[in-house]
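Descriptive analysis of the structure
Single-letter residue listing:
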Amino acid sequence: MADLGAVPGEMTAIAIVTPGGPEALVPERRPVPVPGEGEVLIKVAAAGVNRPDVLQRQGKYPPPPGASDIPGLEVAGTIVSAGSGADKLVGQKVCALLAGGGYAEYAVAPAGQCLPLPDDYDLAEAAALPETLFTVWTNLFERAYAVGGDTVLVHGGTSGIGTMAIRLCNLFDVRVIVTCGSDEKCAQALEWGANHAVNYKTQDYVEEVKAITGGQGVQAVLDMVGGDYVPRNLACLAEDGRHVSIAVLGGAKAEIFIPAIMSKRLTITGSTLRARSVGFKSLVADELMRTVWSFVGEGKLRPAMDRKFALADAAKAHARMDAGEHFGKIVLVV
């Protein structure tokens, strides 16, 4: 095993004592994890906070087999140690996608899920990139085949996912319509780069999409709501449109009219990322390196940042997310 020097035996990490509200997140001392073959140990500078972390805290989204019970799906920092096969990465600044373990002073990641960072890239911003970038890229651009000239509908326009989708659509010449829960959030989304923003509390987004697209509909919908949004989303799709589900915050069941799918030749698909194999996630990282990562180096791809909290204040960070008033990403700084 290669390393940069002495690594402590223990670290501070955030544990979920009992599933529940933000107060369930409590700092405690844990052994520093040891990287295995093809893995690296990252001295964490910052960790992103994501909706799946909230669901895990509530006891609704357990980590996959073999993953750490510590929440946290993305980090940025410096690789200080590595298992066999990853020795050459020691000393590099990276951001990384994890299956868990990010809310800690040290975290283990598969080498293939690490992305190198420019020397001057802010590590708090870097920690806010991987989870949403992997998610939006694999679902909107791979599963939904969004390409330049398309128009897409993305729900949750001011969320981490929504703001990343807006930025990627801007970079790849895709028009993006988003939904938000207030006029203020709609204004924020438009300022961030959305082409259109619809207040779903005061407007019928199906009718708005029809008006915006001249009755043609959108080529793709990225949906994290589920429930009764699904049939409404399908009504927003153009012929040969694609609907991608990535979460079911509004309900796990939907009733759809199958003849409409047949007549418009629609595709309904979806995915989850956390439980996918290291091999798959590493392939996505390779693709991001080829297609997207140059924008990071040029400063053209940066996450929308909401607030930073100290690692020990993870409960406050989750309270912020629970309140639903954030714009973009919440980050824990170590």
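Here, the structure is the one placed above.
Presented here is an overview of the structure given in this document. (Residues numbered from 1 in each chain as written. Predicted model: local features only at pLDDT ≥ 70, side-chain atom pairs only at ≥ 80, totals over all residues. Heavy atoms only, no water.)

Examining the packing of helix H3 (residues 130-143) against helix H4 (residues 160-171)
Threshold: Simply put, an axis is a line fit to the C-alpha atoms, just over the touching stretch for a helix, and the angle between two N-to-C directions goes from 0 to 180 degrees. Helix numbers and strand numbers start at the N terminus; a helix is a DSSP run of H or I with at least 4 residues, a strand a run of E with at least 2. Here is the rule for angles: anything less than 35 degrees is roughly parallel, anything more than 145 is roughly antiparallel, 65 through 115 is roughly perpendicular, and the remaining ranges are oblique. Whether a crossing is left-handed or right-handed is set by the direction in which the near helix is turned from the far one by less than a right angle, anticlockwise for left-handed and clockwise for right-handed. Contacts: residue pairs with any heavy atoms within 4.5 Å of one another. Charged residues are taken to be Asp, Glu, Lys and Arg, nonpolar residues to be Ala, Val, Leu, Ile, Met, Phe, Trp, Tyr, Cys and Pro, and polar residues to be all remaining types, Gly included.
Closest axis-to-axis distance for the H3/H4 pair is 9 Å, and the angle between their directions is 60°. Overall, the two elements H3 and H4 adopt an arrangement that is oblique. For the pair H3 and H4, the sense of crossing is right-handed. Counting all contacts with H3, which are made through Thr-132, Leu-133, Thr-135, Val-136, Trp-137, Leu-140 and Phe-141, the residues of H4 involved are Gly-160, Ile-161, Met-164, Ala-165, Leu-168 and Cys-169. For the contact of H3 with H4, the class distribution of residues is 10 nonpolar, three polar and no charged.

Section: the layout of surface pockets
Heads up, the condition is: Lining residues are those with an atom within 4 Å of a point, where the points come from a 1 Å grid over the protein atoms alone and group into cavities, where a 1.4 Å probe fits but cannot get out, or pockets, open sets with protein on both sides within 12 Å along at least five of seven lines. Grid points are joined across faces, edges and corners, and a volume is the space filled by probe spheres set on the points.
Counted as a void, the largest pocket has a volume near 1,200 Å³. Every residue lining the largest pocket is counted, 45 residues in all, and those nearest its centre are Arg-51, Ser-159, Met-224, Ala-247 and Leu-249. When contributions to the lining of the largest pocket are tallied by element, the ones reaching two or more residues are helix H1 (51-57), H3, H4, strand E10 (175-180), helix H11 (314-323) and strand E16 (329-333). If one sorts the elements of the lining of the largest pocket by residue count, H3 sits on top with four residues. Broken down by class, the residue content of the lining of the largest pocket amounts to 18 nonpolar, 18 polar and nine charged. The computed volume of the second largest pocket comes to approximately 480 Å³. Residue assignment for the lining of the second largest pocket shows that the elements contributing at least two residues are strand E3 (25-31), strand E7 (106-110) and helix H9 (278-291). It is E7 that contributes the most residues to the lining of the second largest pocket, five residues altogether.

These figures capture arrangement, not role.
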